[in-house]
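Each chain, letter by letter, is given below.
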Amino acid sequence: MSASTTLIACWLGLAVLSFASVQLGSAGATLLMVCAVLLAALGKAWLIADGFMELRHAPPMWRWLILSWPVVMAAGVLLALSVSL
Amino acid sequence: MSTSLELTLRPDASPTRHLPGDLAMWFFILAELTVFALLLLTFAVAQALQPQLFHDGRQFLDSSTGLALTLSLLTSGLFAALAQEQVRQAQARRGAWLLLAALLSASVYVWLKLGEYSHLANSGLGMEHNTFFTLYWILTGFHFVHVLLGLVILSWLAERCRQGAYGPGNCSALESGVLYWHMVDLVWVLLFPLVYVLN
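Residues numbered from 1 in each chain as written. Chains lettered and ligands numbered in written order. Predicted model: local features only at pLDDT ≥ 70, side-chain atom pairs only at ≥ 80, totals over all residues.

- Per an unreviewed UniProt entry, chain B goes by Nitric oxide reductase NorE protein and derives from Pseudomonas peli.
- Quoted verbatim from the Sequence similarities (unreviewed entry) field of the UniProt record, the comment on chain B reads "Belongs to the cytochrome c oxidase subunit 3 family." (UniProt positions renumbered as here; feature names shortened; annotations may be inferred.)

- Chain A appears in an unreviewed UniProt entry as Cytochrome C oxidase subunit IV from Pseudomonas peli.
- Chain A has a UniProt comment under Subcellular location (unreviewed entry) that states "Cell membrane".

Okay, here's the thing in structure tokens:
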């Protein structure tokens, strides 16, 4: 697969996950829905980091450093919101 | 500062791992992500403390607009990444056109966001209205400033590309600028569900 095709595939994945997160968000305000929306966001962050930012070819330290940011954010948001649900 | 960081991992196969762009840009991105992390977590904690207030505040936001904002930013990111790929294949002129497309797509984001800001301000939902809108304006406003800076960077890169300043062995500055733009995307994919979706 050429680099350009990979990038377009990443964009398609990002678009599908964006539509999915809006649909999930309108389906209700349960902990399961929050988890699903955050998982979609994590998928999008991974596509941007590994696809657009090319971190899949980067030294592992930098890859994990950047990929850990959305994971920490999603965990923090889930922890905070689970209190109010 | 070095232009690219390359590490040799295994001498037999897949020999090099490459960090695109300037190393300084990666440290800048880490610093920016740290600041955005504080803002995003503040928003989430405030929502946990005042869930009804945030639920009511979110009723004034349109998730369809949020989705359109997301798609315009992501499409702009795709064009920027494709431009970088073209320059690496010695197609600088084509890269310049793709950067122009990235700029146009990002302009859609700016236009939509300004419409949203204008609508909220005219409805009396300014920064001082309540906690939700204080955090909404600070968080999205801070991100919006980054988008505006990104437009300046993309314009500069497009012009330099048009002049033939970048090529296959000389595109570290282009990679750094494009990385900044992807960082703006990365922040948005967490900001969007938190502000628009997670009721």
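1. Some thoughts on the overall build of chain A
(1) Moving on: If you tally the helices and strands in chain A, you get three helices and zero strands.
(2) Moving on: Shown N-terminal to C-terminal, the secondary structure of chain A runs as helices and strands in the order α-α-α.
(3) Moving on: With the C-alpha coordinates of chain A rotated into their principal frame, the extents come out at 45 × 25 × 10 Å.
(4) Moving on: Among the 85 residues that make up chain A, the fraction classed as buried is 41%.
(5) Moving on: Residue pairs at least 24 apart in sequence account for 59% of intrachain contacts in chain A once pairs closer than 6 positions are excluded. (Helix = DSSP H or I, 4+ residues; strand = E, 2+ residues; numbered from the N terminus. Buried ≥ 20, exposed ≤ 12 C-beta atoms within 10 Å, placed from the backbone. Contact = placed C-beta atoms within 7 Å.)

2. Re the interface of chain B and chain A
(1) Moving on: With 38 residues of chain B in contact, the opposing surface of chain A contributes 38 residues.
(2) Moving on: At the level of secondary structure, the elements contributing two or more residues to the side of chain B that touches chain A comprise strand 1 (5–8), strand 2 (16–19), helix 1 (23–49), helix 3 (63–88) and helix 6 (172–197) of chain B.
(3) Moving on: Counted by class, the side of chain B that touches chain A contains 28 nonpolar, seven polar and three charged residues. (Nonpolar A, V, L, I, M, F, W, Y, C, P; charged D, E, K, R; others polar.)

3. Considerations on the UniProt feature "transmembrane region" (unreviewed entry) in chain A
All names here are of chain A.
(1) Moving on: According to UniProt, the positions carrying the feature "transmembrane region" (unreviewed entry) are residues 30–49 and 61–83.
(2) Moving on: For residues 30–49, the end-to-end C-alpha separation is 29 Å, with 95% helix and 0% strand making up the annotated structure.
(3) Moving on: In residues 61–83, the share of helix is 100% and the share of strand is 0%. The end C-alpha atoms are 33 Å apart.

4. Details of unusual backbone geometry
(1) Moving on: Positive phi, normally seen in glycine, also occurs at Glu54(A), with a value near 60°.
(2) Moving on: Looking at the element boundaries, Glu54(A) is found in the loop between helix 2 (31–52) and helix 3 (60–84).
(3) Moving on: Here Glu54(A) falls in the buried class, since 24 other C-beta atoms lie within 10 Å of it.
(4) Moving on: Phi at Ala90(B) is positive, roughly 60°, even though this residue is not glycine.
(5) Moving on: If you trace the backbone, Ala90(B) turns up in the loop between helix 3 and helix 4 (92–122).

5. Here's the deal with helix 2 of chain A
(1) Moving on: Between the first and last C-alpha of helix 2 of chain A there are 31 Å, a value that for 22 residues agrees with the 32 Å anticipated at 1.5 Å per step.
(2) Moving on: Those residues of helix 2 of chain A not exposed but buried are Val34(A), Val37(A), Leu38(A), Ala40(A), Ala41(A), Lys44(A), Ala45(A), Leu47(A), Ile48(A), Ala49(A), Gly51(A) and Phe52(A).
(3) Moving on: In this fold, the buried residues of helix 2 of chain A make contact with helix 1 (3–26) and helix 3 of chain A together with helix 3 and helix 6 of chain B. (Expected span 1.5 Å × (residues − 1).)

6. What about the nonpolar core?
(1) Moving on: Formed by 85 residues in total, the largest nonpolar core has its most connected members in Ala80(B), Leu99(B), Ala102(B), Leu154(B), Leu190(B) and Leu194(B).
(2) Moving on: For this core, the secondary-structure elements that each account for two or more residues are helix 1, helix 2 and helix 3 of chain A together with helix 1, helix 3, helix 4, helix 5 (131–162) and helix 6 of chain B.
(3) Moving on: In terms of residues, this core owes the most to one element, helix 6 of chain B, which gives 18 residues.
(4) Moving on: Ignoring sequence-local partners within four residues, the contact set of Leu194(B) consists of Val77(A), Leu40(B), Phe43(B) and Ala44(B). (Core = buried A, V, L, I, M, F, W, Y, C linked by C-beta atoms within 7 Å.)

7. Examining the packing of helix 1 of chain A against helix 3 of chain B
(1) Moving on: The contact between helix 1 of chain A and helix 3 of chain B brings their axes to 10 Å, and the two run at 170°. For the element pair helix 1 of chain A / helix 3 of chain B, the angle class is roughly antiparallel. Facing Ala3(A), Ser4(A), Leu7(A), Ile8(A), Trp11(A), Leu14(A), Ala15(A), Ser18(A), Phe19(A), Val22(A) and Gly25(A) of helix 1 of chain A, the residues of helix 3 of chain B in contact are Ser63(B), Leu67(B), Thr70(B), Leu71(B), Leu74(B), Leu78(B), Ala81(B), Leu82(B) and Glu85(B).
(2) Moving on: The class makeup of the residues in the contact of helix 1 of chain A with helix 3 of chain B is 14 nonpolar, five polar and one charged. (Axes fitted to C-alpha atoms, helices over the stretch in contact; angles between N-to-C directions. Parallel < 35°, antiparallel > 145°, perpendicular 65-115°, else oblique.)

8. So, the packing of helix 2 (residues 51–58) of chain B against helix 5 of chain B
To describe two helices that pack against each other, one gives the angle between their axes and the distance between the axes.
Residues and elements named next belong to chain B.
(1) Moving on: Following both chains from N to C, one finds helix 2 and helix 5 inclined at 60°, their axes separated by 8 Å at the closest point. Taken together, the axes of helix 2 and helix 5 are oblique relative to one another. Contacts between helix 2 and helix 5 pair Leu53, Phe54 and Gly57 from the former with Thr131, Phe132 and Phe133 from the latter.

9. Section: the UniProt feature "transmembrane region" (unreviewed entry) in chain B
(1) Moving on: In the numbering used here, UniProt assigns the feature "transmembrane region" (unreviewed entry) to residues 23–46, 66–83, 95–112, 132–157 and 178–198 of chain B.
(2) Moving on: Taken end to end, residues 132–157 of chain B comprises 100% helix and 0% strand; its first and last C-alpha atoms sit 37 Å apart.

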